[in-house]
Amino acid sequence: MIVGLTRKDLDVVEATSLAAKPAKLKPKDAAALVLIDDTGPAPRVLLGKRRADLKFMPNQFVFPGGRRESDDARIPVASELSDADTGLISRGFGANGTARRAKALAVAALREFYEETGFVIGKPNAQFPDWGEFAANGLAPDLSAMRYLARAITPPGRTRRFDTRFFIAKRTCVALEVPPPDAEFSEIRWATFAETIDLDLPGITRTILAEVDQRLKSDPHLTGSLPIPEFRMRGKTFVCERRQ
């Protein structure tokens, strides 16, 4: 867990994944999806191991995700994100918050998840023109399959900074499983929460995993509207603030 650490402590913890850099960088919008398989005796989460040759978080297990792209807001979808989650994400942008921008982040989460894992979360929609297996099977992104889970902003002074919105969904929402079109991961693994203890995970990934564990215990069907944890630097300390 990294909540409560000072900037100096974070520099040590994240030395292998988010090396410090003097230049000031503005966080870029990003999104990630936590996929849960709760059909067995213990819930499992899908993680990807980043290739050893990558400069950013090499050899570490992370949630599939990446940067929001300009086209994400224009992608037709089969179903929308819930009004409650759209509102929560939009309010997080302050005066620049719009439902369109919130939708773009949800679309980015599903796009990145498909590209990195080959898991297609979609429903029939003949208008969808792209994304490989989505289009080939007449599917468009199913945003209603996801719930907003958490937000994390990379601390200042890192080589890369992201303002990441994490979403959560169940494996039962997956329409297809195909070979991933992107080779960013050297391994894709389902792991129970107990099994993740021995994996090489960035500090923020472990922190989000703890939130997932609590969310499943309090809201196993992902139907509730719970306060959203936001992780960021506040002064000299990395904190968690919960917002509704």
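Refer to the preceding data block for the structure.
Sequence order as written defines residue numbering, which begins from 1 separately in each chain. In keeping with the predicted nature of the model, local features appear solely for residues at pLDDT of at least 70, side-chain atom pairs appear and are counted solely at 80 or more, and the whole-chain, interface and lining totals rest on all residues. The side-chain values count all of the structure's non-hydrogen atoms but skip hydrogen atoms and water molecules.

Trainee: Would you mind going over the layout of surface pockets with me for this structure?
Mentor: Counted as a void, the largest pocket has a volume near 750 Å³. In the cavity and pocket records, a cavity denotes points on a 1 Å grid over the protein atoms alone where a 1.4 Å probe fits but cannot get out, a pocket denotes an open set with protein on both sides within 12 Å along at least 5 of 7 lines, and lining residues are residues with an atom within 4 Å of a point. What lines the largest pocket is a set of 39 residues, among which F56, M57, G66, F162 and T164 lie closest to the centre. Per the convention used, a helix needs a DSSP run of H or I reaching at least four residues, while a strand needs a run of E reaching at least two, with both numbered from the N terminus. If you list the elements that add at least two residues to the lining of the largest pocket, you get β1 (28-37), β4 (65-67), α3 (99-117), β8 (147-153), β9 (162-170) and α5 (203-218). The leading source of residues in the lining of the largest pocket is β1, at four residues. Just so you know the grouping, Ala, Val, Leu, Ile, Met, Phe, Trp, Tyr, Cys and Pro go in nonpolar, Asp, Glu, Lys and Arg go in charged, and all remaining residues, Gly too, go in polar. The class makeup of the residues in the lining of the largest pocket is 20 nonpolar, six polar and 13 charged. Grid points are joined across faces, edges and corners, and a volume is the space filled by probe spheres set on the points.

Trainee: Teacher, can you tell me more about unusual backbone geometry here?
Mentor: One can expect most non-glycine residues to show negative phi and most peptide bonds to be in trans. Even without a glycine there, the phi angle at W131 is positive, about 65 degrees. Checked against the element boundaries, W131 lands in the loop between β6 (122-124) and α4 (133-136). Here the phi dihedral of L222 falls at roughly 55 degrees; this positive angle occurs in a residue that is not glycine. Buried residues are those whose accessible area, probed at 1.4 Å on protein chains only, stays under 20% of the maximum for their type, while exposed residues exceed 50% and partly exposed ones sit between those limits. Residue L222 is classed as buried on the basis of its relative accessible area of 8%.

Trainee: Before we go on, may I ask you to explain the pattern of salt bridges in this structure?
Mentor: Two side chains carrying opposite charge are able to pair once their charged atoms lie near each other. Think of a salt bridge as a Lys or Arg side-chain nitrogen and an Asp or Glu carboxyl oxygen that are within 4 Å of each other. According to the stated counting rule, one finds 27 salt bridges in the structure shown. Between R50 and E184 there is a salt bridge whose closest N-O contact spans 2.3 Å. Remark: E184 occurs in the loop between β10 (176-177) and β11 (185-192) and R50 occurs in strand β2 (residues 44-50); sequence separation between them is 134 residues. Taking the shortest distance from any N to any O, the salt bridge between R232 and E230 comes out at 2.7 Å. The burial state of R232 is the same as that of E230; both residues are buried. Bridged by salt links that share partners, the residues D29, R68, R101, R151, D163, R165, E230, R232, R234, E241 and R243 form one connected network.

Trainee: Sorry, what's going on with the nonpolar core here?
Mentor: The nonpolar side chains of a soluble globular protein tend to be buried, and buried together. As used here, the term nonpolar core means buried Ala, Val, Leu, Ile, Met, Phe, Trp, Tyr and Cys residues forming a set that is joined through side-chain atoms within 4.5 Å. If you look at the biggest cluster of nonpolar residues, it comprises 37 residues, and the most contacted ones within it are L33, L35, I89, L143, M146 and F167. Listed by contribution, the elements that provide at least two residues to this core are β1, α2 (83-92), α3, β5 (119-120), β7 (139-141) and β9. By residue number, the principal contributor to this core is α3, which donates nine residues. Throughout, a residue-residue contact means that at least one pair of heavy atoms, one from each residue, lies within 4.5 Å. Not counting chain neighbours up to four residues away, the residues in contact with I89 comprise L81, A102, L105, Y148, R165 and F167. Core analysis: the next-biggest nonpolar cluster, separate from the first, contains 25 residues, V45, F61, F166 and M233 among them.

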